[in-house]
Structure formats: structure tokens, C-alpha cells
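Okay, here's what each chain looks like letter by letter:
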Amino acid sequence: MTSMNQGNTNRIVTAAVNSAPSAANALHRQAAAALGSTTVGIAPKFVPTLSEDDAVVQARLLKALADPTRLRILSLLSRHEGEVCVFEIVESFTLEQPTISHHLRILRDAGLVDCRKKGLWAYYYVRRDALARARDVIEGLA
């Protein structure tokens with residue numbers, strides 16, 4: 001029973017000793033904040049050339065390309081230069097129509113494909129300018 005209490009005491013003393021430097025650092029930070037910061041703003045050494053808004057747009061574009069099904073849909077649409085009916089796209093895959101529509105919506109939101117409605121059917125086509133933009137994004141990182 002005695003050795004168990006001694007073990008607990010040792011842990012408490014060790015914890016108090018280990019927390020002392022962080023407590024001192026916290027007091028130092030509080031004192032510096034109370035006195036006011038007199039340091040002049042220093043420009044960071046490295047600055048990204050890409051703005052946060054541009055990064056969001058480019059990430060959306062690259063995320064749309066980062067899925068095997070969407071790449072296959074783009075491949076199918078690129079191979080057939082004209083517009084491809086959504087029904088024909090669904091026939092080319094083992095996935096159900098709602099899943100294909102989901103992937104097409106992501107591709108549309110990223111600007112990689114667009115569609116024209118004719119009656120009940122939607123005909124999709126690749127937007128070549130968006131593919132060129134994706135290529136430029138990737139080349140800009142190299």
C-alpha cells in the first residue's frame with residue numbers, strides 16, 4: 001500500500017516539475033502582451049503566388065479530375081467530339097443513372113463539361129478551355 005502512494009507522489013512531483021517551464025513561458029507571453037508588442041511586422045520569407053480564392057477554384061477543378069469514374073466520363077466525351085446523350089453515358093458504365101448524374105454534376109460545377117437540353121434528354125460535351133486550364137494549373141506547379 002505504501003509503495004502505491006509513493007508512486008503517485010512521484011508522478012505528481014514529476015508533473016509539477018515538467019509543467020514549470022511551460023508556466024514560465026505563459027507568464028512571459030502574458031507580460032509581453034501587457035506591455036504591448038513593439039516588434040515591427042516582418043514580411044514572411046516565402047509567400048505563395050496563388051491567392052486563396054484561386055486555390056479554391058483550382059482545387060475544385062483538380063478534385064473533379066481526381067476520380068476514376070469522372071476521368072472515364074471525360075474520356076468518353078472527348079472521344080465523341082459532339083454531344084453525348086446522358087442515356088448513352090449511362091449505357092457505357094455499370095453504374096446507375098443517379099450515380100452518373102452525380103458525377104456529371106461535379107464535372108459541370110468544375111466547368112469541365114456542359115450540356116444542352118433537347119426535350120427530355122441532356123447532351124453533354126467537354127469544355128476544352130477548362131481542360132486547358134487544368135493543364136495550366138498542373139504545369140504551373142512543376
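Residues numbered from 1 in each chain as written. Predicted model: local features only at pLDDT ≥ 70, side-chain atom pairs only at ≥ 80, totals over all residues. Heavy atoms only, no water.

(A) Quick peek at the overall build of the protein chain. Looking only at helices and strands, the protein chain has six helices and three strands in total. Starting at the N terminus and walking to the C terminus, you meet the elements of the protein chain as α-α-α-β-α-α-β-β-α. Across the 142 residues of the protein chain, 23% fall into the buried class. Looking at the protein chain alone, contacts between residues at least 24 apart form 54% of all its contacts between residues at least 6 apart. When the accessible area of the protein chain is evaluated, it comes to approximately 10,700 Å², of which 58% is carbon and sulfur surface. (Helix = DSSP H or I, 4+ residues; strand = E, 2+ residues; numbered from the N terminus. Buried < 20%, exposed > 50% of the residue type's maximum accessible area, 1.4 Å probe, protein only. Contact = heavy atoms within 4.5 Å. Areas by Shrake-Rupley, 256 points an atom, 1.4 Å probe, with all protein chains shown as cover.)

(B) Spatial organisation of the nonpolar core. Among the nonpolar cores identified, the biggest contains 25 residues, and I73, L77, I89, L112 and Y124 are the most heavily contacted of them. At the level of elements, α2 (52-65), α3 (68-79), α4 (86-91), α5 (97-109), β2 (113-118), β3 (121-126) and α6 (128-141) are the ones that each hand at least two residues to this core. Counting residues per element, this core draws most heavily on α3, at four residues. Leave out the neighbours within four places in its chain, and L77 touches V84, I89, V113, Y124 and V126. (Core = buried A, V, L, I, M, F, W, Y, C linked by side-chain atoms within 4.5 Å.)

(C) Inspection of the packing of α3 against α5 at higher detail. Where α3 contacts α5, the axes come no closer than 10 Å and their chain directions differ by 80°. The angle between α3 and α5 falls in the class roughly perpendicular. In this structure, α3 uses T69, R70, I73 and L74 to contact α5, whose residues at the interface are I100, H103, L104, I106 and L107. Looking at the contact of α3 with α5 residue by residue, the classes come out as six nonpolar, two polar and one charged. (Axes fitted to C-alpha atoms, helices over the stretch in contact; angles between N-to-C directions. Parallel < 35°, antiparallel > 145°, perpendicular 65-115°, else oblique. Nonpolar A, V, L, I, M, F, W, Y, C, P; charged D, E, K, R; others polar.)

(D) Here's a closer look at the sheet that holds β2. Strand order across the open sheet formed by three strands is β1-β3-β2, with antiparallel pairing between neighbours. A strand with exactly one partner marks an edge of an open sheet, and here the two such strands are β1 (84-85) and β2. Note that β1 and β3 share two bridges and pair antiparallel. Each bridged residue has a counterpart across the sheet, and for C85 the counterpart in β3 is Y123. Of the strands in this sheet, β1, β2 and β3 are in contact with α3, which crosses β3 at around 90°. On top of the sheet, α5 reaches β2 and β3; it is set at about 115° to β2, its chief contact. (Pairing = 2+ DSSP bridges.)

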